[in-house]
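# Structural features, examined
Listed below are the residues making up each chain.
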Amino acid sequence: MASNSDPLIGLAAGRLTGPLVRALGLPRPRVLRREAGPYGSDELRGRQLVLTAMPGGHAGEAARSLLQALGARLLMETDLAADASARVDIAVLDATGCRELASLAQLRSFFAPLLRRLAPCAKLLLLAPCPLEAARVSPEAAAAAQGIDGFVRSLAKELGRSHAATVNALQVPVAAASALLGPLRFFCSARSAYVSGRILRLDAGQALYASPELPSVPGRLRERLAVVTGAARGLGAATAARLAEEGARVLCIDVPSAEPHLRELARRIQGDALALDISSAAAPAALCDWLRQHPGLAVDVLVHNAGITRDRSLFKMSEAEWKQVMAVNLQAILAIDAALDQADLLAPGAREICLSSISGIAGNAGQTNYATSKSALIGYVAARSAVLASRGATVNAVAPGFIETDMTRQVPWLIREAGRRLNALSQGGQPRDVAEAVAFLALPESGAVRGQTLRVCGQALMGA
Ligand code: NAD
């Protein structure tokens, strides 16, 4: 249902209607390439890769061997010269050796000649220096490292509209070069179709928890329990289904009034349903009770997805509207986490993901309550990350932009159109785009990503 809710994508792609869309000067969003099903061991089979390393880089070799092991075909300069029609699906620059201002010129000299060769929906990735390590080298090295941010964000804006391509960067400390698998696979595959202009930091200390081995069979979450709140519909339903595809047993939670949808979803993905208002005082204990009734189960993946809006300008906002949003979007999460911690029901190496929002980053008129709650989550995951580290567990936030769901279908047309178009890809995301980001953070091999907020927003201009 949601996938067809933006009529402009179909019109822009149509043979007869496409020229009309162009003549009218309307945005021409492209159909994004997306992947279905669980991660495969040959996730990048047939994709043409160009990869270069700046001198002194420490991540290029690991990236090259991982991407080739995932099935990408490495093109050499001679291949490109010999075949003018060869198209590049993935371009990776190891810029971890970028320590001098002069090195920044290589950003242009590597990417510029490739731009005419890019396949639609190409994936461009920079492996960037860790800012802390760069600052220890010299102020010039820190400047060079920071310069990469501006390059990534600008090129992402240029290529989003023209190629539906994404451009992202991973900051890779020296000790994290062996922890690249999860992030590299996500950003170089169609799983990150709606993630662009992002700079994600890898944590040096987490190489221990990140498996460098490639999964040999699909289903990275087999024999693991995932709990997803707000699972009856929208992003929660998509996330529960996506985690089940990776083999997880999923406990789907939603309010009692949504129980029929919840049960239907649980049946479809062979999971479990628990009707529970997470903002009720009894909810944390009820979840712990459910877990205790299933001996041997602890939470391996916890997705705090349930969320509500009660939009109104602050002037008119009632105390009840403020409190309801805080109770569901924020207090319930902290209460559930505290109960699971106390009962020791979070498995070692667990992955926790909180659904924030770009409203929590940029702010939004009429959403002081909602933005406060979503912003608070960003602070929460950053601090809780240190608490979970000793257990090899991680916590991150995902901040969706405009995603085509029941929640956004209720938004007035003009505001909805603005939300859809004011991003580098000129379209809203799909629930599966958010589900992919959650799945990425939920996998064992993403342990080097911690305490961060990953925006899934097509590089929305809001808060960019
Ligand atoms: P949605 O309204 O379609 O679904 C939310 C689900 O949460 C519903 O099934 C609802 O019944 C459930 N829920 C609400 N209160 C609950 C409670 N007290 N206990 C248990 N379940 C409860 O929303 P969505 O669009 O799928 O959004 C999911 C999450 O993503 C939310 O946290 C939302 O704030 C966030 N988000 C969504 C968007 C978007 O564009 N859709 C953008 C940014 C952030």
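Bear in mind the structure is a predicted one, so any value in this text is a computation, not a measurement. (Residues numbered from 1 in each chain as written. Predicted model: local features only at pLDDT ≥ 70, side-chain atom pairs only at ≥ 80, totals over all residues. Heavy atoms only, no water.)

## Examining the overall build of the chain
- Check the secondary structure of the chain and you find 17 helices and 13 strands.
- Taken against the 2.2 N^0.38 rule, which gives 23 Å for 464 residues, the C-alpha radius of gyration of the chain at 22 Å falls within 12% of a compact globule.
- Structurally, the chain occupies a C-alpha span of about 65 × 55 × 45 Å along its principal axes.
- Here the chain holds 464 residues, and the buried ones make up 56% of them.
- Counted over contacts in the chain with a minimum sequence separation of 6, partners at least 24 positions apart contribute 77%.
- Averaging the coordinates of the 49 positive side-chain charges in the chain and doing the same for the 40 negative ones gives two points 6 Å apart. (Helix = DSSP H or I, 4+ residues; strand = E, 2+ residues; numbered from the N terminus. Rg over C-alpha atoms; globule rule 2.2 N^0.38 Å. Buried < 20%, exposed > 50% of the residue type's maximum accessible area, 1.4 Å probe, protein only. Contact = heavy atoms within 4.5 Å. Lys, Arg positive; Asp, Glu negative; His and termini not counted. Charge placed at Lys NZ, Arg CZ, Asp CG, Glu CD.)

## Some words on the side chain of glutamate 436
- With respect to the helices, strands and loops of the structure, glutamate 436 is situated in helix H17 (residues 431-442).
- Taking relative accessible area as the criterion, glutamate 436 reaches 6% and is therefore assigned buried.
- Looking at glutamate 436, its side chain comes within polar contact range of the side chain of arginine 242, at 3.0 Å.
- If we skip the residues at most four places from it in the chain, glutamate 436 touches Glu35, Tyr39, Phe186, Arg191 and Arg242. (Polar contact = N/O pair within 3.5 Å; in protein donor to acceptor, adjacent residues only side chain to side chain.)

## Concerning the packing of helix H3 (residues 60-69) against helix H8 (residues 181-188)
- Orientation of H3 relative to H8, taken along the N-to-C sense of each, is 60°, at an axis distance of 10 Å. Along this stretch, H3 crosses H8, giving a crossing that reads as right-handed. Here H3 contributes Ala63, Leu66 and Leu67 to the contact with H8, which in turn contributes Leu181, Leu184 and Cys188.
- Each residue belonging to the contact of H3 with H8 can be placed in one class, and the counts come to 6 nonpolar, no polar and no charged. (Axes fitted to C-alpha atoms, helices over the stretch in contact; angles between N-to-C directions. Left-handed = near helix turned anticlockwise from the far one by under 90°. Nonpolar A, V, L, I, M, F, W, Y, C, P; charged D, E, K, R; others polar.)

## Examining the packing of helix H12 (residues 319-342) against helix H14 (residues 368-389)
- As a packed pair, H12 and H14 sit with axes 7 Å apart at the nearest point and diverge in direction by 20°. When the interaxial angle is binned, H12 and H14 end up roughly parallel. For the pair H12 and H14, the crossing hand works out as right-handed. Here H12 contributes Glu321, Trp322, Val325, Met326, Asn329, Leu330, Ile333, Leu334, Asp337 and Asp341 to the contact with H14, which in turn contributes Thr368, Asn369, Tyr370, Thr372, Ser373, Lys374, Ala376, Leu377, Tyr380 and Arg384. (Parallel < 35°, antiparallel > 145°, perpendicular 65-115°, else oblique.)

## Looking at empty space enclosed by the protein
- Inspection of the entire model under this criterion finds 2 cavities of 30 Å³ or more.
- Each pocket or cavity is described by its volume, and for the largest cavity that value is around 60 Å³.
- Around the largest cavity, the lining residues are Leu32, Arg33, Arg47, Cys121, Lys123, Ala164, Thr166, Ala190 and Ala193.
- Estimated volume of the second largest cavity: approximately 30 Å³.
- As for the second largest cavity, its lining consists of Arg34, Glu35, Ala190, Arg191, Arg432, Asp433 and Glu436.
- When its residues are assigned to classes, the lining of the second largest cavity shows 1 nonpolar, no polar and 6 charged. (1 Å grid on protein atoms, 1.4 Å probe; cavity = no way out; pocket = protein on both sides within 12 Å on 5 of 7 lines; lining within 4 Å. Points joined across faces, edges and corners; volume = space filled by probe spheres on them.)

## Section: the UniProt feature "domain: Ketoreductase" (unreviewed entry) in the chain
- Mapped onto this structure's residue numbering, the UniProt feature "domain: Ketoreductase" (unreviewed entry) falls at residues 224-401.
- Secondary structure across residues 224-401 comprises 46% helix and 21% strand; the distance between its end C-alpha atoms is 29 Å. (UniProt positions renumbered as here; feature names shortened; annotations may be inferred.)

## Quick notes on the environment of leucine 132
- You can see leucine 132 is positioned in helix H6 (residues 131-137).
- Residue class for leucine 132 comes out exposed when judged on its relative accessible area of 61%.
- A sequence separation of 109 residues divides leucine 132 from alanine 241, and the C-alpha atoms of the two residues are 38 Å apart.

## Quick notes on the nonpolar core
- With 71 residues, the main nonpolar core has Leu127, Leu243 and Val250 as its most contacted residues.
- Residue assignment places this core across two domains, with domain 1 (48-201) and domain 2 (225-456) each supplying three or more.
- Once residues lying within four places of it in the same chain are set aside, the contact partners of leucine 127 are Ala59, Ala63, Val92, Leu93, Asp94, Ala95, Thr96, Leu170, Val172, Leu180 and Leu184.
- If you look at the next biggest cluster of nonpolar residues, it comprises 37 residues, including Leu302, Leu345, Leu346 and Ala350. (Core = buried A, V, L, I, M, F, W, Y, C linked by side-chain atoms within 4.5 Å. Domains from an automatic or database assignment.)

## Here's the deal with the state of the cysteines
- What the rule picks out here adds up to 0 disulfides.
- Free cysteine: cysteine 457, not disulfide-bonded; nearest cysteine sulfur from cysteine 121 at 17 Å.
- Residue cysteine 457 is classed as buried on the basis of its relative accessible area, which comes to 2%. (Disulfide = S-S within 2.5 Å.)

## A word on the domain arrangement of the chain
- Annotation of the chain at the domain level lists domain 1 (48-201) and domain 2 (225-456).
- A C-alpha centroid distance of 30 Å is found between domain 1 and domain 2.
- In this complex, domain 1 contributes 20 residues to the contact, which on the side of domain 2 involves 25 residues.
- For the pairing of domain 1 and domain 2, the buried interface totals around 1900 Å² over both sides, and the portion due to carbon and sulfur atoms is 60%.
- Here domain 1 and domain 2 share 2 salt bridges between them.
- Of the charged contacts in the structure, one is a salt bridge between glutamate 436 and arginine 191, with a shortest N-O distance of 3.0 Å.
- The interface formed by domain 1 and domain 2 contains 10 residue pairs in polar contact (both at pLDDT 80 or more).
- Put simply, the parts of the chain that give the side of domain 1 that touches domain 2 at least two residues each are helix H7 (139-163), H8 and strand E6 (199-201).
- Tallied by class, residues from the side of domain 1 that touches domain 2 come to 12 nonpolar, 2 polar and 6 charged. (Buried area = accessible area lost by both parts, 1.4 Å probe. Salt bridge = Lys/Arg side-chain N within 4 Å of Asp/Glu carboxyl O.)

## Observations regarding unusual backbone geometry
- Of note in the backbone geometry, glutamine 270 takes a positive phi value of approximately 55° without being a glycine.
- Mapped onto the secondary structure, glutamine 270 falls in the loop between helix H10 (259-268) and strand E9 (272-275).
- Given a relative accessible area of 71%, glutamine 270 falls into the exposed group.
- The phi dihedral of serine 426 is positive, around 55°, even though this residue is not glycine.

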